[in-house]
Amino acid sequence: MATIPEIVANPSELSQSLRDSHGRQIHDLRVSITDRCNYKCVYCRTGQAGAQYAELSTAEYLRLIRSFVSLGIEKVRLTGGEPLLRRDLPEIIREMATWRTPSGSPLDIAVTTNGHLLEDLAKPLKAAGLSRVTVSMDAVDQTIFERITRIPGSYQAVVRGIRAAQQAGFERVKVNCVLLRGFNDNQIEAFAHFARREDVIVRFIEFMPLEEDRLWTPEMVVPLREIVARLSAVFPLRPLPPNSASETARRYGFSDGSSAGNKGEIGIIAPVTQAFCGACSRIRLTSDGKIRTCLFSNIEHDLYGQMCRGASDEALQEFIVRTVEKKEARHHIGEPGFLKPSRSMVHIGG
């Protein structure tokens with residue numbers, strides 16, 4: 001693997017804590033390392049086109065990510081597309097696991113995957129230094145799931161992947177489900193049973209206007225209050241405290257968990273009906289090296305282009321600092337004049 005040069009910032013010029021102009025500290029980086037995916041989920045891809053954006057080399061991703069970490073990023077989530085399609089994923093994680101944040105702490109490294117290849121890769125990724133795994137899974141009914149993914153056998157592959165991750169030592173596996181009314185909202189109660197049976201954290205996500213077909217309407221959103229009410233009718237829930245001030249999910253445990261031995265947890269991410277922009281701590285890097293300051297940005301900032309033009313490590317850091325300062329105060333979903341982002345979710349990175 002190519003040697004990644006040590007990045008040393010001048011403390012008098014660059015802060016080791018990224019902040020935007022609204023006073024929010026930015027400590028989470030999400031990086032798409034591929035625009036490719038082995039699924040064609042009907043709400044995500046049209047099925048007419050696959051990857052549209054380029055990928056960088058191992059060394060290029062590592063250099064860009066390292067620039068963020070040197071400025072105070074504490075958590076890096078590798079996404080796609082489907083990141084497990086990158087054969088160098090263990091190599092990327094292994095190198096990142098040797099890094100330390102400016103405070104001296106190990107880097108928190110996570111992956112979001114559709115889980116199809118996880119059964120064989122869970123142990124190697126854990127051994128490489130991966131901290132956490134999140135699996136995208138939009139139904140627990142096999143027929144519905146495979147209608148969504150358009151891949152035969154995908155449901156059982158993902159379930160095996162989740163169990164393999166647990167066996168590899170990932171104790172808090174998260175399962176993300178994007179809910180669309182009239183599409184998979186009949187899976188809400190079934191997911192509660194799945195969370196308890198498999199001892200996973202199921203997180204429901206309100207559907208956002210990020211799909212390729214641009215068919216989003218407010219009526220398609222299943223709001224947080226409805227999800228909580230429906231789950232509570234099956235298994236009474238109890239609110240759990242957030243893990244951090246910037247956590248996106250509202251957390252719930254099962255009220256009978258301690259007495260009945262049931263485990264599992266529910267999280268609800270409600271960016272549409274209960275936006276959490278005021279505590280946003282995230283910045284994104286696309287597979288082709290563009291910084292996106294918000295999921296709903298219509299402007300991208302070409303960090304990779306800076307690197308290709310010969311920018312020094314310090315110049316890359318300065319570019320990142322200036323870009324983070326421009327981070328939007330909030331999204332404007334549902335407001336008059338709202339413009340959908342310049343890329344769909346699959347091309348931004350989950």
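Residues numbered from 1 in each chain as written. Predicted model: local features only at pLDDT ≥ 70, side-chain atom pairs only at ≥ 80, totals over all residues. Heavy atoms only, no water.

Q: Help me understand the packing of helix α4 (residues 142-149) against helix α5 (residues 154-167), please; the structure alone is not making it clear to me.
A: For any two helices packed against each other, the geometry is given by the interaxial angle and the distance between the axes. It is at 8 Å that the axes of α4 and α5 come closest, and there the two elements cross at 100°. Between α4 and α5, the interaxial angle falls into the category roughly perpendicular. Between α4, through Q142, F145, E146 and T149, and α5, the contact on the second element is made entirely by S154, Y155, Q156 and V158. (Axes fitted to C-alpha atoms, helices over the stretch in contact; angles between N-to-C directions. Helix = DSSP H or I, 4+ residues; strand = E, 2+ residues; numbered from the N terminus. Parallel < 35°, antiparallel > 145°, perpendicular 65-115°, else oblique. Contact = heavy atoms within 4.5 Å.)

Q: When you look at the sheet that holds strand β13 (residues 290-292) in this model, what are you seeing that I'm missing?
A: Note: strands within a sheet are paired through backbone hydrogen bonds, in either parallel or antiparallel orientation. Strands sit in the order β9-β10-β11-β8-β7-β6-β5-β4-β3-β12-β13-β14 across an open sheet of 12 strands; the sheet is mixed. A single partner strand is all that each edge strand has here, and the edge strands are β9 (237-240) and β14 (301-302). Pairing of strand β4 (residues 75-79) with strand β5 (residues 108-113) involves 4 bridges; the strand directions are parallel. Residue pairing in the sheet places L78 in a bridge with V111 of β5. Running at roughly 170° to strand β3 (residues 28-32), helix α1 (residues 58-69) makes contact with β3, β4, β12 (282-285) and β13 of the sheet. This element, helix α7 (residues 224-234), spans β7 (174-179), β8 (201-206), β9, β10 (249-254) and β11 (265-269) of the sheet and lies at about 160° to β11. (Pairing = 2+ DSSP bridges.)

Q: Which parts of the structure should I look at to understand unusual backbone geometry?
A: If a residue is not glycine, its phi is most likely negative; likewise, a peptide bond is most likely trans. Following G80, the chain continues into G81 via a peptide bond in cis, with omega recorded as 20°. Checked against the element boundaries, G81 lands in the loop between β4 and α2 (89-96). For R150, which is not a glycine, the phi torsion comes out positive at approximately 60°. Mapped onto the secondary structure, R150 falls in the loop between α4 and α5. Judged by its relative accessible area of 36%, R150 falls in the partly exposed class. Of note in the backbone geometry, D199 takes a positive phi value of approximately 55° without being a glycine. Take D199: it is sitting in the loop between α6 (188-198) and β8. Accessibility expressed as a relative area gives 27% for D199, which makes it partly exposed. (Buried < 20%, exposed > 50% of the residue type's maximum accessible area, 1.4 Å probe, protein only.)

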